[in-house]
Amino acid sequence: MLKNHFQLLKQSCNQLKHVVSVRTQAQNTTNQKWDLFSAVCLERKPVVTPALTEIEKEYKQYLKDLEFELSVKSNFELRHEADVKHLAVLKEGGEIDDTEVNLKQTAQDLKDLWNAEAAEFKPADKITDADKKNDLKSLNRKLDKHLIFVVNQKLGDKKLYMLPQGLRQDGETLRQVAERVLKETIGSELKTQIYSNAPCGFYKYKYPANIQQERNVVGAKIFIYFARYLKGQPSLKGIDYKWLDRTELDKTLPPQYKSSVQQFLIDE
Amino acid sequence: MSINNLVSSLTRLSLIKVPTLIRNVSLNAPMLFRSTPVLLAEPLKKKKKMDPAIIKAREEKKKKKIEKAIRKLEKNARKLKPISECEIPFEILDTLKNRQRNLPGISEEILENRALLEKKWCRYKREQHLVDMQMLDRIQFAQQKALDELRKESEQLYQEAIQPDLMMMPYKIEGPVETPPIENYQSPDGDYNDVSKKW
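Counting restarts for each chain: residues are numbered from 1 in the order of the written sequence. Chain letters and ligand numbers both follow the written order, the letters beginning at A and the numbers at 1. Local features in this predicted model are restricted to residues of pLDDT 70 or higher, and side-chain atom pairs are both shown and tallied only at a pLDDT of 80 or more, whereas totals for entire chains, interfaces and linings draw on every residue. Calculation of side-chain values draws on the structure's entire complement of heavy atoms; hydrogens and water are dropped beforehand.

Chemist: How do you make sense of the pattern of salt bridges when you look at a structure like this?
Modeler: Side chains bearing opposite charge may pair, as long as their charged atoms lie close to each other. Between Lys or Arg on one side and Asp or Glu on the other, a salt bridge is scored when a side-chain nitrogen of the former is within 4 Å of a carboxyl oxygen of the latter. Scanning all chains against the criterion turns up 22 salt bridges over all chains. Between Glu-58 of chain A and Lys-120 of chain B there is a salt bridge; the shortest N-O distance is 3.9 Å. On the criterion of chain membership, the pair formed by Glu-58 of chain A in helix α2 (residues 54–70) and Lys-120 of chain B in helix α4 (residues 108–153) is interchain, its members lying in two chains. Residue exposure (1.4 Å probe, protein chains only): buried if accessible area is under 20% of the type maximum, exposed if over 50%, otherwise partly exposed. You can call Glu-58 of chain A partly exposed: its relative accessible area is 40%. Under the relative-accessibility criterion, Lys-120 of chain B is labelled partly exposed at 38%. The salt bridge involving Asp-165 of chain B is made with Arg-175 of chain A; its shortest N-O contact spans 3.0 Å. In this pair, Asp-165 of chain B is assigned in the segment after α5 (155–161) and Arg-175 of chain A in helix α6 (residues 174–186), connecting two distinct chains. The network of salt bridges with common partners includes Arg-141, Lys-142, Asp-245 and Glu-248 of chain A. The way it works is that DSSP assigns letters per residue, a run of H or I at least four long becomes a helix, a run of E at least two long becomes a strand, and they are numbered from the N terminus.

Chemist: Help me out: how do you make sense of the pairing of strand β1 (residues 34–44) of chain A in this one?
Modeler: All names here are of chain A. Most of β1 sits out of view: eleven of its eleven residues are buried. Burial of the side chains of β1 extends over both faces: Trp-34, Leu-36, Ser-38, Val-40, Leu-42 and Arg-44 are buried on one face and Asp-35, Phe-37, Ala-39, Cys-41 and Glu-43 on the other. Two strands are counted as paired when DSSP detects at least two bridges linking them. Pairing of β1 with strand β7 (residues 219–231), which is carried by ten bridges, proceeds in the parallel orientation. When the sheet's bridge partners are listed, Ser-38 is paired in β7 with Phe-223. Examined bridge by bridge, β1 and strand β2 (residues 147–155) share two bridges and lie antiparallel to one another. Its bridge partner being in β2, Arg-44 is matched across the sheet by Leu-147.

Chemist: Please explain the nonpolar core as it appears in this structure.
Modeler: Soluble globular proteins tend to pack their nonpolar side chains together in the buried interior. Ranked by size, the top nonpolar core spans 30 residues in total, and within it Leu-42, Phe-149, Leu-182, Ile-186 and Trp-243 of chain A together with Leu-150 of chain B carry the most contacts. Elements that contribute at least two residues to this core include exactly β1, β2, α6, β7 and β8 (241–244) of chain A together with α4 and α5 of chain B. When residues in this core are grouped by element, the largest group, six residues, is from α6 of chain A. Two residues form a contact once any of their heavy atoms are found within 4.5 Å. Those residues within four positions of Phe-149 of chain A in sequence are excluded, and the remaining contacts are Leu-42, Leu-163, Pro-164, Ile-186, Leu-236, Tyr-241, Lys-242 and Trp-243 of chain A. Definition used in this section: a nonpolar core is a set of buried Ala, Val, Leu, Ile, Met, Phe, Trp, Tyr and Cys residues joined via side-chain atoms within 4.5 Å. In terms of nonpolar packing, the next biggest core, distinct from the first, is built from 27 residues, Tyr-161, Leu-163 and Tyr-205 of chain A together with Ala-142 of chain B among them.

Chemist: I'm lost on the interface of chain B and chain A in this one. Help?
Modeler: How big an interface is tends to be stated in terms of accessible area lost as the parts join. With 48 residues of chain B at the contact, the number on the chain A side is 56 residues. Joining two parts hides part of their accessible area as seen by a 1.4 Å probe, and the buried area is that hidden amount summed over both. Between chain B and chain A, a total of about 4,800 Å² is buried, with carbon and sulfur atoms accounting for 58% of that surface. For the interface between chain B and chain A, the tally reads seven salt bridges. Here a polar contact means two N or O atoms within 3.5 Å. Within protein one must be a hydrogen donor candidate and the other an acceptor candidate, and residues neighboring in sequence count only if both atoms are side-chain atoms. In this assembly, chain B and chain A are joined by 29 residue pairs in polar contact (both at pLDDT 80 or more). Broken down by element, the residue count for the side of chain B that touches chain A peaks at 21 residues, all from α4 of chain B. The residue inventory of the side of chain B that touches chain A, partitioned by class, reads 27 nonpolar, six polar and 15 charged. In this count, Pro and Cys sit with the nonpolar residues alongside Ala, Val, Leu, Ile, Met, Phe, Trp and Tyr, while Asp, Glu, Lys and Arg are called charged and the others, Gly among them, polar.

Chemist: Please clarify how a positive patch on the surface should be interpreted in this entry.
Modeler: Like charges are joined within 9 Å and nonpolar side chains (Val, Leu, Ile, Met, Phe, Trp, Tyr) within 5 Å, but only among residues with over 30% relative accessible area and no salt bridge; these make up the patches. For the accessible areas, the method is Shrake-Rupley and the probe is 1.4 Å, while residue cover comes only from the protein chains on display. Positive charges come from Lys and Arg, negative ones from Asp and Glu, while His and the chain ends are left out of the count. Where a charge lies is defined by one atom per residue type, namely NZ (Lys), CZ (Arg), CG (Asp) and CD (Glu). On the surface, a cluster of positive charge is contributed by Arg-58, Lys-61, Lys-62 and Lys-65 of chain B. Along the chain, Lys-62 of chain B falls in helix α2 (residues 52–78).

Chemist: Got a minute to help me understand unusual backbone geometry in this structure?
Modeler: Residue Pro-170 of chain B follows Met-169 of chain B across a cis peptide bond; omega there is -10 degrees. Inspection of the secondary structure assignment puts Pro-170 of chain B in the segment after α5. A positive phi is found at Lys-142 of chain A, a non-glycine position, where the angle reads about 45 degrees. With respect to the helices and strands, the residue Lys-142 of chain A is situated in the loop between α5 (129–133) and β2. At Asn-184 of chain B, a residue that is not glycine, the phi angle is positive and equals roughly 55 degrees.

Chemist: Just checking my understanding: could you explain the side chain of Ser-38 of chain A for this structure?
Modeler: Residues and elements named next belong to chain A. Relative to the elements of secondary structure, Ser-38 occurs in strand β1. Judged by its relative accessible area of 0%, Ser-38 is buried. A distance of 3.0 Å separates a polar side-chain atom of Ser-38 from the backbone oxygen of Leu-174. Apart from the residues within four sequence positions on either side, Ser-38 is in contact with Pro-164, Gln-165, Gly-166, Leu-174, Val-177, Ala-178, Val-181, Phe-223 and Tyr-225.

Chemist: How should the packing of aromatic side chains be read in this particular structure?
Modeler: Centres within 6.5 Å make a pair out of two Phe, Tyr or Trp rings, where for Trp the six-membered ring is used; the pair is then stacked when the planes are under 30 degrees apart, edge-to-face when over 60, and tilted otherwise. With the rule as written, the count across this model stands at 14 aromatic pairs over all chains. For the pair Tyr-59 of chain A and Tyr-62 of chain A, a centre-to-centre distance of 5.6 Å together with 65 degrees between the ring planes defines the contact as edge-to-face. A residue pair is termed a helical-turn pair when its members lie 3 or 4 positions apart in one helix, as Tyr-59 of chain A and Tyr-62 of chain A do in helix α2 at three residues. By way of ring pairs, the aromatic residues Tyr-59 and Tyr-62 of chain A together with Trp-121 and Tyr-124 of chain B are connected into one cluster. A cation sits over an aromatic face here: Lys-221 of chain A above Trp-34 of chain A, 5.1 Å from the ring centre. The side chain of Lys-242 of chain A reaches across the aromatic face of Tyr-161 of chain A, ending 4.1 Å from its centre. In this analysis the charged atom, NZ for Lys or CZ for Arg, is taken to sit over a ring once it is within 6 Å of the ring centre and within 35 degrees of the ring normal.

None of this, on its own, says anything about what the molecule does.
This is the structure:
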């Protein structure tokens, strides 16, 4: 009984400590108030495989050679050889007594037929119309690259291409803010998926001194969520946006912002 | 019919509702007569005595039957479903001699080049792996940094952020593919025949 009481006392002591620590934290944050933003890094994954590098091509050829050397002849190859033999016999005026032999359509004929059929099918070009026109707004550009969605936004008196972002309202979690931002910028036609409840990147900057004093806010902390493009072609009117690959992103984003975005992106 | 039965049936006929099984002591109006109801039962039959040897034999039989079933199941369980693609058909095994390619031997130089290529490939893949690992570390670090910063701002938002995302399961991803899809492509007619054996 006594022991129980003692434990209870201990617990309440711990709770008290916790309360105190929370309070001190709260004081810290009130001294320095920051605006919380959620940004969304919307990425389109590559649609087609990238071209093989020199060594990859070489190794592929080597594996192909090896495969051929280690293989034995297939039924079709045997048939082809038999056909060649039979034809030679016929040419010399001999007779074939095997009734099953069909020389009207030899293996070679079949092969030619299939090759012609295969040649008829034309796969779509990897270089699309959007690439030729260099249409930065199309999702059909640079099919073998990762593309990132950026929007032209007004920041103070400057206009910059950045990831779509929005200020957190009271009562929202950051994930909800990210979802709202996505919906507001690209609408609901485009199917996307946000990866995880946790942000994958972070960036902060301070406001100019006059705004800091006016609003009593030090600056903005931007928590970047990662989202994957799933399907759909958006009809985005009224906003200035671009789909950029890694190198274009490197040129477009503001310098410091760029490094914190690039930190969580997959290399190509 | 005994007199007892008769009396009992008479009490059932009476208009006053009297619980039959209760024998109570009456203090004012004396209960004249009561009787116990008929017990609807008969004396137990004498159990047939079985020969213990026969019982034993029967149990044995049952046991054997179950054991046999178990053995049968075990036998089937050990037999795995064959993968026809992994077994060389007898037709090919029989004609293996005809199927040899008899290629001319590979020259010393080509073998040397191949060995060098293998080594080069190993180095290439190793470097790729290292770069990948570093990249993953970097991405993980970026996320941890974001979470730490979030915790500094608000413990509650941090707790919300580290909840598992249930929307992620089931996860589905397609591609990348060799050539891009053709828009409005009508695939040629044809039947799909599933010839795989049923087991």
